[in-house]
Amino acid sequence: MMINLRSATSADLALLRHWDEQPHVVNADPNDDWGWEIELDRTPDWREQLIAEIDGRAIGFIQIIDPALEDSHYWGDVPANLRAIDIWIGEETDLGKGYGTQMMQLALTRCFADSAVTAVLIDPLASNTRAHRFYERLGFQFVEPRQFGDDDCFVYRLNRADWHPSNENNAQ
């Protein structure tokens, strides 16, 4: 089973709205308004919005940003050469099948393909212990608790030196 990533487009609007309403997605990201109608038509050079597919069936979403250049400054004052990832599986029936691990592997490979990138950041909710374990298995290290808007989050970081793509298949 091969996961493919493709750019999200305005043709994905209904799908992304649907996924946004799924309880497991809301629980992981309760206060975000992604502004899909506008954002799917924008392609700033600091962001990639991707749909993960298996055999042409959309299963999830990944956003990769450069947090130093991103226009809302969500991450605050961060150094250059970092990336930040948002990721989710759209349908609850697709959870627990290893898709998230494969999607993260593909996202990390994309991030570290740029030799200037030193580390990747993520910010799961502080209450999302399942996500914490998932990221820790992939080599992410806990950095700090942090408030983003109304959300209590944990910031995790994966340094390039700690990324081992050849070992990631063991992260399941």
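Residues numbered from 1 in each chain as written. Predicted model: local features only at pLDDT ≥ 70, side-chain atom pairs only at ≥ 80, totals over all residues. Heavy atoms only, no water.

It is worth spelling out the side chain of Gln-22 at this point. By secondary structure assignment, the location of Gln-22 is in the loop between helix H1 (13-20) and helix H2 (23-28). At a separation of 2.9 Å, a polar atom in the side chain of Gln-22 contacts the main-chain carbonyl oxygen of His-18. Sequence-distant contacts of Gln-22, that is, excluding residues within four places in its chain, are made with Gly-90 and Glu-91. (Helix = DSSP H or I, 4+ residues; strand = E, 2+ residues; numbered from the N terminus. Polar contact = N/O pair within 3.5 Å; in protein donor to acceptor, adjacent residues only side chain to side chain. Contact = heavy atoms within 4.5 Å.)

Among the residues of helix H5 (residues 129-137), Ala-131, His-132, Phe-134 and Tyr-135 are the ones counted as buried. Projected down its long axis, H5 shows its buried positions confined to an angular sector of 165°, all on one face. Those residues of H5 that are buried lie in contact with strand S4 (82-89), helix H4 (99-112), strand S5 (119-122) and strand S7 (151-159). Looking one or two residues past H5, Gly-139 carries a phi angle of roughly 105°, positive in sign. (Buried < 20%, exposed > 50% of the residue type's maximum accessible area, 1.4 Å probe, protein only. Arc of directions from axis to C-beta.)

Let's shift gears to the confidence of the model for the protein. Looking at the protein as a whole, the pLDDT averages 89, with 94% of positions reaching at least 70. Segment residues 167-172 is flagged for pLDDT under 50; beyond a separation of four residues in sequence, or across chains, it makes eleven contacts in the model. (pLDDT = per-residue confidence, 0-100.)

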